[in-house]
Amino acid sequence: QVHLVESGGGLVQPGGSLRLSCTASGSFRTIYGMGWYRRAPGKQREFVASITSGGITNYLAPVKGRFTISRDNAKNTVSLQMDSLKPEDTAVYYCNADKVLVSSGRTVYDAWGQGTQVTVSS
């Protein structure tokens, strides 16, 4: 009932920038919080950034000031602008919708995209 697809990953040199995008599709009425998580090699998945439907944002401390999350509620998209990238930002990045009211009236929690690889290396 809700399908998330990420795009925009790739290989970039340290200090470079990438922009990730995620589009939600399906039969739903409202998406509440949306966000980005990442899983680095050999590590657990961690929270990166989130944004409420009203635009309130939250960031993982190491990315604050370098990453910017935004969303377009009309287009059901969430983006992550990543600047000043560091090798430690290398990970698979996942889009998340924490709570979705689907058309049937049911609430779906924690919808995930398939992930997109970000590699920061010279």
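The residue numbers shown here count from 1 along each chain, following its written sequence. Where totals are concerned, whole chains, interfaces and linings use all residues; where local detail is concerned, this predicted model gives features only for residues with pLDDT of at least 70, and gives and counts side-chain atom pairs only at 80 or more. Hydrogens and waters are ignored; side-chain quantities use all the structure's heavy atoms.

Draft legend 1. Layout of the layout of surface pockets. The definitions used throughout rest on a 1 Å grid laid over the protein atoms alone, on which a cavity is an enclosed set of points accommodating a 1.4 Å probe that cannot get out and a pocket is an open set flanked by protein within 12 Å on both sides along at least five of seven lines; lining residues are those having an atom within 4 Å of a point. Grid points are joined across faces, edges and corners, and a volume is the space filled by probe spheres set on the points. Of the voids in this model, the largest pocket is the one considered here, and its volume is about 200 Å³. Around the largest pocket, the lining comprises 14 residues; the ones closest to its centre are Arg38, Ala40, Lys43, Glu46 and Glu88.

Draft legend 2. Spatial organisation of the pairing of strand S10 (residues 91-102). Three labels apply to residues, based on accessible area from a 1.4 Å probe with only protein chains included: buried if under 20% of the type maximum, exposed if over 50%, partly exposed otherwise in between. Every helix listed is a DSSP run of H or I at least four residues long, and every strand listed is a run of E at least two residues long, numbered separately from the N terminus. With 9 of its 12 residues buried, S10 lies for the most part within the structure. Across 3 bridges, the pairing between strand S4 (residues 28-31) and S10 is antiparallel. Considered in S10, the bridge of Phe28 is made with Val102. Bridging between strand S5 (residues 34-39) and S10 involves 6 bridges; their strand directions are antiparallel. Paired with Trp36 across the bridge in S10 is Cys95. DSSP-based pairing: two strands are paired if at least 2 bridges between them are found. Inspection of the sheet shows S10 paired to strand S12 (residues 116-120) by 3 bridges, in the antiparallel sense. Bridge pairing in S12 links Tyr93 to Thr116.

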